[in-house]
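The residues making up each chain are set out below.
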Amino acid sequence: MDIKVAGPPASAEEMAAVDELLGPAQSGWQGGTQSPRDQRVAFGGRSARSQRHLLLPALHAIQDRIGWISEGALGYLCARLTIPPADAYGVASGYALLSLEPRPPLTVHVCDDIACLGSGAERLGRELEQRLGPEGKPARPSSGSATWLRGPCLGLCDRAPAALVQQAGVPSRRFETGLAPVSSDEIVALVEGRLSRLEGPQSIPQAGDPGLRLLRRIGVVDPEDLDSYRAAGGYSALRRAFELEPDGVIREVTDSKLLGRGGAAFPTGRKWEAVAKSTVRPRYLVCNADESEPGTFKDRVVMEADPFAVVEAMTIAGYAAGCEKGYLYVRGEYPLARRRIEHAIRQATDRGLLGLDILGRGVSFDIEVRRGGGAYICGEETALFNSIEGKRGEPRNKPPFPVQSGLFGKPTLVNNVETLINILDIVVDGGRAFAATGTADSTGTRLFCLSGAVRRPGLYEVPMGTTLRQLIDLAGGFRGKLQALLLGGAAGNFVTEAQFDLPLTFEATRAAGVTLGSGVVMAFDESVDLQAIVLRIARFFRDESCGQCVPCRVGTVRQEEALIRLVSGRVIGSRERETALLADVNQAMRDASICGLGQTAGSAVESAIRLGLFQPNGGSRR
Amino acid sequence: MSTVLSRATARMVPLQIDGDELQVPEGSTILQACRGRGLDTPTLCYLETLTPVNVCRVCVVEVEGSRVLVPACSRKVEPGMKVKTDSERVRHSRRMVLEFLASSVDLSLTGPAVKGWMDQYGVQPERYGPAAATQAGERDRAHAGHHHPPDPSHAATVRQPVKIDNELYVRDYSKCILCFKCVEACGADAQNTFAITVAGRGFDARISTEFAVGLPQSACVYCGNCIGVCPTGALMFKSEYDMRQAATWDESRQQVTSTICGYCGVGCTLDLHVQDNTIVKVTSPLDHDVTRGHLCIKGRFGFQFVQNREPDSGRPRNPRP
Amino acid sequence: MFGAGGGTSSYREVEETDVIILWGSNARETHPIFFHHVLKGVHRGARLFAVDPRRTSSAEWADIWLGIDVGTDISLANAMAREIIHAGLANMEFIERATTDFEEYRRTVERYPLERAERETGVPAAVIKEVAHTYARADRAQICWTLGITEHHNAVDNVLALINLALLTGHVGRYGSGLNPLRGQNNVQGGGDMGAIPNKLPGFQDVEDPEKRAKFERAWNCTVPPKRGWHLSQMFEAMERGDLTTLYVIGENPAQSEADQKRALHLLGGLEHLVVQDIFMTRTARMAHVVLPAAAGWCESEGTVTSSERRVQRVRKALEPPQGARDDIEIICEIARRLGHDWGTPTAEQVWDEVRSLSPMHTGMSYRRLEELGGIQWPCPDENHPGSQFLHGRLWENPVQGPRAPFSAVQQEPPVDELSEEFPIRLTTGRRLDSFNTGVQTGGYSSPLRDGEFLCISPEDGVRYGVADGEMARASSRRGWVEVAIRYDAACRPGLAFMTLHFPDETATNVLTIDATDPKSGTAEFKASAIRIETLRVPAGSPSR
């Protein structure tokens, strides 16, 4: 296509960054040097345009190497991939982790989201402002080589407060790591080049409990060793799946009555069957590992500590649903999970457990890891497809559903990490055995992310139907006097002690007007400024709205404004008028937004108001 | 343009709209079914020549069994569907969408239909507070995932300076409702130049070139097809903009005459908007198969030679007798 | 084409075809809205091939761009044909039923193996083979061309070479398959339809056919000259001989638009009587003895024009013409009256109804129907006829109705203006998106894309001939020279240069071009001149420094 790349040329370093990912240019027409053959023939059509899906990986490549994406770098990338520069800019500017303005090579993203806010993130931010200077500017002691930024949840809530460190540079110099819990001393030391530290230990308080299913290998197997995984029973499920054949696998999954753990609670078996029955080729499997719901870290822990289980489960899903290829889309804030998964895929491929002719059964399946760029919305399955395709992370209207037209417009099976790892036991033990755990309508176990004012924060696995109180007891009860509990995540609801005996099942929470969401259970004691928490949730949704549809794009702004007016006392009319306005806004977002983000962007706020947490003197002040 | 009634050969789908039973051809959208019955359904981002993006959500209707409202413009009818176009929920969302837009965007040039809907649905944009002013350049540089704390005394708007960087058309994004039409017309639905895109996200999402460079530095080829589809006057012929600034623009004194472009041999229909024997704007009809409303730079802007109103082009004046 | 001069298909069919070959056409810039239809086809899965010496913006969209040397189209087409025949991909059933002269054609193309075509065109043999196979195997395929085919000394042969390919594969006369010359000016097609060509009366009725002539003579109550007239190049030859001394020019600017401008100016200047009817005081008008100011056809008068898909559409009066300018019909009728023929003061519709009464292919096109249907594609023989989406469907009837379509064996011939050591660069000409022909119309608006005239060359040639990007240089051909700004342009390979004719007052490109014309069509070889490029800088180290 006739793209126009104007602007300044890319630097050698920027070109090297792109070439590192894409290899040398195929022709002079795509950013390389002109050969005599190029002067006679060019292939600029479909084949050139079909590289769009490499856009986000290429943007990451530049960001990783340089620390930001210049006009010249973007132009070179566009020439290489035959993408109009405006399109590439539109995509890049939708991701928070990519910078289109100069940024120092070392960036410390400091979480100031709800879990960390309840654990001193505000003080941490103030300290950093004093010691490093304002966020987004070159940090004072770094002579321009570092900066820090506040940002949304990093999924390290069990160890709050948290930070994500990204050091750009050539492969040998660059690194990315999460730090939690983190102090301003550590961040300053890092900025001054005095510290580099790997991520902290996993918080699996139940580790070693023989009753665990999903978490039983965590802390037991070596996440970087396939043999260790196999010694713990790994890959017996895939063998069993081959015995069952695709129809048999799907039958077991259907019998298990497994419901999707991503939020919509759709029957997994039906989804698999719909894809398997499609006559369209190719078909894709997508593992949604973009958990970005504030307070959520379950998929991260699984990927970091039991990556082979994810790979094996994806292989079974791909086999059963007849998918040629799988994508695992992991959020950009999870560098260790990504490294572990990539390593597991490499080992599995080397050992014939992925690729052509798996285990000599004539089955072929590959998995490609794609990395998010800092966008909550990309956890929405259709926005995730767009992100993989190199388009803006904007949700699509449904129908058509992914099983009909998903990734690249092809039938696509999309499950999240937690849903998929349930498959292993279902295949080995049988669907009926699986369904024996939990309740009739909510079978199996569920992962919960406990954070905030509980004694033992971390990831828990309990049978469906366990009550909230039992779960909290398992975590050692509350630290301090409970002020409020957030269930389900920022898109969930605040609940009160009156609801603690609610069984944690899909049906019971639905009936109670709340949601399990992503399994977040976040407790706030009385030391926390709850109004600040609610405001942070409103800010989060405004920041994470993709901007596509009016109800969410403007509604999230009007919601935040009204809340600030309420907090500041500068109400228009009266408080009642403001809360009525908030209710109006919320109803429009819930009813008319394209996707689940907008539809739930007001639910936590609404529940906070309903529970009286937002009265003039409702939220306590420290 | 309703294609509903003309497609006699298509299979018919029975459905119910507001309690009335009807049959429409398979593949029709709810919007087509509604319009076929003469039901006024507001739309902003919908245009029959473009792929529905269903982003404005002003056309939402209630479909029995659906948890949320559905966009009439893109949802296809299904047998037995029960649609409500005027329920309390529908009216509420339509009102809120219009209110959200009216409180954040300058809708002064969106035409009488939009004003009618605002009255019909009881829109009160002022209830979000007085409109805020935005500083120059700020929106173009907004970083995804970050925004300045809101000013509680004002309602945020997209207000910003008009972009004037060429002689043919201006971009006044204070009037932009982000309907995506210009992006679609510049992109795969028509021109395939892809000079503009939606950049940023959330409320900071905006129509932009790469790095917000001016149009002369961008890939823009000045076909003006973005102007042709813009429903709010955000994109406007410079000639119209200048006349509006000088308060000489007067649509009541304009006639529109269809003719054929005098340049190449494709035969594009031009609608010449003429005020005081002067062409002030050129459009093309959406329902003509040759252009589908789209033109090139010559057809759209190349008319001035007949009226010799371009003293600064550097070419000798056409010495017409 | 097989009797009537017009594209065989509709734009709509381009959207629904499987293969599109743009041959010598930069439609992206010269026919932008047609290219929208091409892109619709591409988005729906059609394969697009572009044959063009330059990698134009159209070619950038192509699945394969074939960068041939200027004037080697026949070599390419014939080699494709040979390959199609040898691969057994020729549509023999169609050939046998609907065509003639295949055997001679087959013998001719036999002399064009892929290796020869690679040598002559520069395009790798494997690529030619792939395109040939794809075109032949397609269920539907379109070949579209523009002046890259017709502005050559062997223009008609070039066109015939493409027609041959369609006949060979049966890619004509069916929905979605066809041959489409894209008309460069808004009513080139209509002018031909109306008989503004030397050998035809309105409706492509042969002026040398006594029966056809008689019909017109009865209607017009006069004698129609029984012999065909001159085309433009023949007129210039006649001027040269002194046989043509009076010229009436309507809406043309030959003083600037003809190849070899020096010669054109000389001959026009020697005329005894030159009448120019135009909306502008053009260069030609400034040479005229009488200037008749005209109303602009597309916005100041009523009438019809015909597009490249044979669609007759209405033009309407939107503006009052300037004081003194008159409608063409009015001027012509006034002249007739003063020559002793009172044609009255007919309206455009009355004139059109006369056309309908004499031209069967237009008979069904009343103004009312043209209005209702948004134009009608000819032929449209009666008022119940919807118009014709595509032509030559008769070739698919069994037996074929009417005459069969002949193959026309044609041979590769190089451009007349040969490259040499003295003139080593091939200059080709064309249009840019925002400008049109000699710029008299497009000069009236301020295009942000416009940057005056420049000579596009490859960066390699810039280095070789010592001219930097942006600097002024001298370009010379065997006929003259111009000074022009240099622009490095990757679309040109070494040895290839490109200019437009848009700025004749600043850069008289046609001083360089050659007026070698095609004897059959009268078109000059604007697409191929031989030039050299020289720096205007004083060489470094010379005494004047």
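What counts as what
- All chains use their own residue numbering, which begins from 1 and follows the written sequence.
- Key to labels: chains lettered from A, ligands numbered from 1, both in the order written.
- Since the coordinates come from a predicted model, pLDDT governs what is reported: local features require at least 70, and pairs of side-chain atoms require 80 or more to be given and counted, while whole-chain, interface and lining totals use all residues.
- Side-chain calculation: all heavy atoms of the structure are included, whereas hydrogens and water are not.
- Each helix corresponds to a stretch of at least 4 residues labelled H or I by DSSP, and each strand to a stretch of at least 2 residues labelled E; elements are numbered beginning at the N terminus.
- Only C-alpha atoms enter the radius of gyration, while the globule expectation follows 2.2 Å times N to the 0.38, with N the number of residues.
- Relative accessibility decides the category of a residue: with a 1.4 Å probe and only protein chains considered, values under 20% of the type maximum give buried, values over 50% give exposed, and everything between is partly exposed.
- When checking whether two residues touch, look at their non-hydrogen atoms; a contact exists if any pair is within 4.5 Å.
- What sets the accessible areas is the Shrake-Rupley method with a 1.4 Å probe; for residues, cover comes only from the shown protein chains.
- His is not counted here, nor are the chain ends, while Lys and Arg score as positive and Asp and Glu score as negative.
- Think of each charge as sitting on NZ of Lys, CZ of Arg, CG of Asp or CD of Glu.
- Two parts placed together each lose some accessible area under a 1.4 Å probe, and adding up what both lose gives the buried area.
- Whenever a carboxyl oxygen of Asp or Glu lies within 4 Å of a side-chain nitrogen of Lys or Arg, that contact is scored as a salt bridge.
- Looking at any residue, its pLDDT shows the predictor's confidence there, from 0 to 100.
- Pairing between two strands is assigned when DSSP locates at least 2 bridges connecting them.
- Only C-alpha atoms enter the line fits that serve as axes; for helices the fit covers just the stretch in contact. Angles between N-to-C directions range over 0 to 180 degrees.
- Whenever two N or O atoms come within 3.5 Å, that pair is a polar contact, provided that in protein one can donate a hydrogen and the other can accept it, and provided that, for residues adjacent in sequence, both atoms are side-chain atoms.
- Two helices crossing with the near one rotated counterclockwise from the far one by less than a right angle form a left-handed crossing, whereas a clockwise rotation gives a right-handed crossing.
- Ten residue types, Ala, Val, Leu, Ile, Met, Phe, Trp, Tyr, Cys and Pro, are classed as nonpolar, four, Asp, Glu, Lys and Arg, as charged, and the remainder, Gly among them, as polar.
- Residue ranges for the domains trace back to a domain assignment, done automatically or taken from a database.
- Between the rings of Phe, Tyr and Trp (Trp by its six-membered ring), a pair exists once the centres lie within 6.5 Å; its type follows the angle of the planes, with under 30 degrees stacked, over 60 edge-to-face, and the other angles tilted.

### Regarding the overall build of chain A
When its secondary structure is counted, chain A shows 24 helices and 15 strands. Over its C-alpha atoms chain A spans a radius of gyration of 24 Å, differing by no more than 12% from the 25 Å that the globule rule assigns to 622 residues. Taking the principal axes of the C-alpha coordinates as reference, chain A spans close to 75 × 60 × 50 Å. Every one of the 622 residues in chain A was classed for burial, and the buried ones make up 64%. Excluding contacts between residues fewer than 6 apart, the proportion of contacts in chain A whose partners are at least 24 apart in sequence is 72%. Approximately 20500 Å² of chain A is accessible, and the part contributed by carbon and sulfur atoms is 51%. Here chain A holds 72 positive side-chain charges and 72 negative ones, and the gap between their average locations is 2 Å.

### Quick look at the interface of chain B and chain C
If you look at the interface, chain B gives 58 residues, while chain C gives 66 residues. Across the interface of chain B and chain C, roughly 4800 Å² is buried in total on both sides, 60% from carbon and sulfur atoms. On inspection of chain B and its partner chain C, the count reaches one salt bridge. We note a salt bridge from Arg292 of chain B to Glu15 of chain C, for which the minimum N-O separation is 2.7 Å.

### What to know about the confidence of the model for chain B
Residues and elements named next belong to chain B. Taken as a whole, chain B shows an average pLDDT of 91; of its residues, 92% reach a score of 70 or greater. Here residues 1-7 scores under 50 on pLDDT; set against residues more than four positions off or in separate chains, the count is ten contacts. Within the model, the stretch residues 309-321 combines pLDDT values under 50 with 33 contacts to residues more than four positions away or in other chains.

### Things to note about the sheet that holds strand 19 (residues 481-488) of chain C
Residues and elements named next belong to chain C. Ordered by their spatial adjacency, six strands build a closed barrel running 16-20-17-19-18-21, and the pairing between neighbours is mixed. This sheet shows a mean twist of 45° between the axes of neighbouring strands, independent of strand direction. Relative to strand 21 (residues 529-535), strand 18 (residues 472-476) is paired through four bridges, and the arrangement is antiparallel. Across the sheet, residue Ala475 finds its bridge partner in strand 21, namely Ile533.

### What about the interface of chain A and chain B?
In this complex, chain A contributes 68 residues to the contact, which on the side of chain B involves 65 residues. Counting the surface lost from both chain A and chain B, the interface buries some 5300 Å², and carbon and sulfur atoms represent 55% of this. Area buried by chain A at its contact with chain B is led by Tyr89, Arg558 and Asp591 of chain A, which between them contribute 12% of it. The interface formed by chain A and chain B includes five salt bridges. Here Asp591 of chain A makes a salt bridge to Arg89 of chain B, at a shortest N to O gap of 2.7 Å. On inspection of chain A and its partner chain B, the count reaches 27 residue pairs in polar contact (both at pLDDT 80 or more).

### Let's talk about the packing of helix 7 (residues 121-132) of chain A against helix 8 (residues 184-191) of chain A
Residues and elements named next belong to chain A. Interaxial distance between helix 7 and helix 8 falls to 10 Å at its minimum, and their mutual angle equals 35°. Here helix 7 runs over helix 8; the crossing is right-handed. Across from Leu124, Glu127, Leu128, Arg131 and Leu132 in helix 7, the residues of helix 8 making contact are Ser184, Asp185, Ile187, Val188 and Val191. Of the residues belonging to the contact of helix 7 with helix 8, the class tally is six nonpolar, one polar and three charged.

### Let's talk about unusual backbone geometry
Cis geometry is adopted by the peptide bond preceding Pro282 of chain A, which originates at Arg281 of chain A and carries an omega value of -15°. The omega torsion across Trp378 of chain C and Pro379 of chain C is -5°, close enough to zero to call that bond cis. Tracing the backbone shows Pro379 of chain C in the loop between strand 14 (376-377) and strand 15 (405-406). Positive phi, close to 55°, is recorded for Ala265 of chain A, a residue that is not glycine. Tracing the sequence through the fold places Ala265 of chain A in the loop between helix 10 (236-256) and helix 11 (268-277). The buried category is assigned to Ala265 of chain A, whose relative accessible area is 12%. One non-glycine residue with positive phi stands out, namely His392 of chain C, at about 65°. Topologically, His392 of chain C is positioned in the loop between strand 14 and strand 15.

### Thoughts on the domain arrangement of chain B
All names here are of chain B. By domain assignment, chain B separates into domain 1 (1-129) and domain 2 (169-306). Inter-centroid distance (C-alpha atoms) of domain 1 to domain 2 is 26 Å. Domain 1 puts 19 residues into the contact, and the matching count from domain 2 is 21 residues. Interface area, domain 1 with domain 2, both sides summed: about 1700 Å², of which 68% is carbon and sulfur. Its largest share of buried area at the contact with domain 2, domain 1 owes to Thr49, Leu50 and Leu109, together 33% of the area lost on that side. Remark: the boundary between domain 1 and domain 2 carries one salt bridge. Between Lys175 and Asp106 there is a salt bridge, with its nearest N and O atoms 3.6 Å apart. The interface formed by domain 1 and domain 2 contains four residue pairs in polar contact (both at pLDDT 80 or more).

### Notes on the sheet that holds strand 2 (residues 106-111) of chain A
All names here are of chain A. On the basis of which strands lie adjacent, the open sheet formed by four strands has the order 3-2-4-5 and mixed pairing. Strand pairing shows two members of the sheet lacking a second neighbour, strand 3 (146-151) and strand 5 (175-179), which therefore form its edges. Each adjacent strand pair in this sheet contributes to an overall mean axis angle of 15°, direction not counted. Across the sheet, helix 14 (residues 335-350) touches strand 4 (163-167) and strand 5, and the angle it forms with strand 5 is around 125°.

### Concerning the packing of aromatic side chains
Counted according to the given criterion, the structure contains 28 aromatic pairs over all chains. Taken together, a centroid distance of 6.4 Å and an interplanar angle of 50° make the contact between Phe494 of chain A and Phe524 of chain A tilted. Taken together, the positions of Phe494 of chain A in strand 14 (residues 493-495) and Phe524 of chain A in strand 15 (residues 520-525) put the pair 30 residues apart, joining distant regions of the chain. Its relative accessible area of 1% is what places Phe524 of chain A among the buried residues. Aromatic pair Phe102 of chain C and Tyr105 of chain C: ring centres 6.5 Å apart, planes at 55°, arrangement tilted. Here the residue Phe102 of chain C and the residue Tyr105 of chain C both occupy positions in helix 7 (residues 102-109), the gap between them amounting to three residues, near one helical turn.

### Some remarks on the pairing of strand 13 (residues 482-487) of chain A
Residue and element names in this part refer to chain A. The element strand 13 is extensively covered by neighbouring structure, given that six of its six residues are classed as buried. With five bridges joining them, strand 13 and strand 15 adopt antiparallel strand pairing. If you follow Leu485 over to strand 15, its bridge partner there is Ala523. With three bridges joining them, strand 13 and strand 14 adopt antiparallel strand pairing. Bridge pairing in strand 14 links Leu486 to Phe494. In textbook terms, the turn of a hairpin is the stretch between consecutive antiparallel strands, and for strand 13 and strand 14 this stretch comprises five residues, one of which, Gly488, has a positive phi near 95°.

### Focus: the domain arrangement of chain A
Here chain A is partitioned into domain 1 (12-92), domain 2 (106-191), domain 3 (226-435), domain 4 (445-525) and domain 5 (530-610). Between the C-alpha centres of domain 1 of chain A and domain 5 of chain A the distance comes to 40 Å.

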